[in-house]
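Structural overview
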Amino acid sequence: MTMTNCLLVLAIVGLVFVSFPGLSRGDGGAHRGRELAGGCKPSGTLRPTRSHSCEDCCSARQSYPTYTCSPAITGSNNAVMTLNNFDADGEGGSDPSECDGMYHSNTELVVALSTGWYANNRRCNKNIRINANGRSVLAKVVDECDSLHGCDKEHGYQPPCRPNVVDASQAVWDALGITGEEVGEYNITWSDA
Ligand SMILES: *[C@@H]1O[C@H](CO)[C@@H](O)[C@H](O)[C@H]1NC(C)=O
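What the UniProt record of the chain gives under Sequence similarities (unreviewed entry) is the line "Belongs to the kiwellin family." In UniProt, the chain has this text filed under Subcellular location (unreviewed entry): "Secreted".

1. Notes on the overall build of the chain
Across its full length, the chain holds four helices and eight strands. Counting from the amino terminus, the chain carries its helices and strands in the arrangement α-α-β-β-β-β-α-β-β-β-α-β. For the chain, the residues scored as buried account for 36% of the 193 residues in total. Put simply, of all contacts in the chain between residues at least 6 apart along the chain, 69% involve residues at least 24 apart. Summed over its atoms, the accessible surface of the chain is roughly 11,100 Å², and 52% of this surface lies on carbon and sulfur atoms.

2. Observations concerning the pattern of salt bridges
Here the structure, examined in full by the defined rule, presents two salt bridges. Linking D192 and R123 is a salt bridge whose minimum nitrogen-to-oxygen distance equals 2.7 Å. You can see D192 sitting in strand 8 (residues 185–192) and its partner R123 sitting in the loop between helix 3 (115–118) and strand 5 (127–132), a full 69 residues away along the chain. The class for D192 is partly exposed, based on a relative accessible area of 43%. Under the relative-accessibility criterion, R123 is labelled buried at 8%. Measuring nitrogen to oxygen at the nearest pair gives 3.0 Å for the salt bridge that ties R162 to E185.

Criteria and thresholds
Residues numbered from 1 in each chain as written. Predicted model: local features only at pLDDT ≥ 70, side-chain atom pairs only at ≥ 80, totals over all residues. Heavy atoms only, no water. UniProt positions renumbered as here; feature names shortened; annotations may be inferred. Helix = DSSP H or I, 4+ residues; strand = E, 2+ residues; numbered from the N terminus. Buried < 20%, exposed > 50% of the residue type's maximum accessible area, 1.4 Å probe, protein only. Contact = heavy atoms within 4.5 Å. Areas by Shrake-Rupley, 256 points an atom, 1.4 Å probe, with all protein chains shown as cover. Salt bridge = Lys/Arg side-chain N within 4 Å of Asp/Glu carboxyl O.

As structure tokens, then:
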């Protein structure tokens, strides 16, 4: 390679990093959500007009990516499991479950899936198999974890759901033997059952 060609290549590489600074960044905020999305890109951005004071509530200083998709379904899907209250006395006055219009006891093995995986009710009332912590459990899909909307009363002022979430009842965490500090956010795999 001649000196001129070599300089040209360096200039092009430099230009790419200047144009797409995200490429050179390892972590942080919305970028983290994008990284976890595994081939599913944000469809838009939610900018709340005011902040809410609870922990994990939306902040007006931040914007939140929204997603219509979830990572493509494979035999074993990587996901982040979070804890959800399916009961009528849930914080933030949450609505009944989307699939059946009912509240559920947190002693039931039930989950909500991110919008893309929820697939317009297609997984409603079907079981998924969740593997984590060396154990496995069947849980029924009863609700959507909304990846498109959030930061409002209806969603308890929480940001939109990440695209790769299995939002599970306490019973699911118990069945997997995950306790104490580890409850809240946990990497799992799941498959259709
Ligand atoms: C969970 O998975 C994400 C992405 O797949 C990874 O970046 C993170 O380090 C994992 N967390 C733990 C605690 O293993």
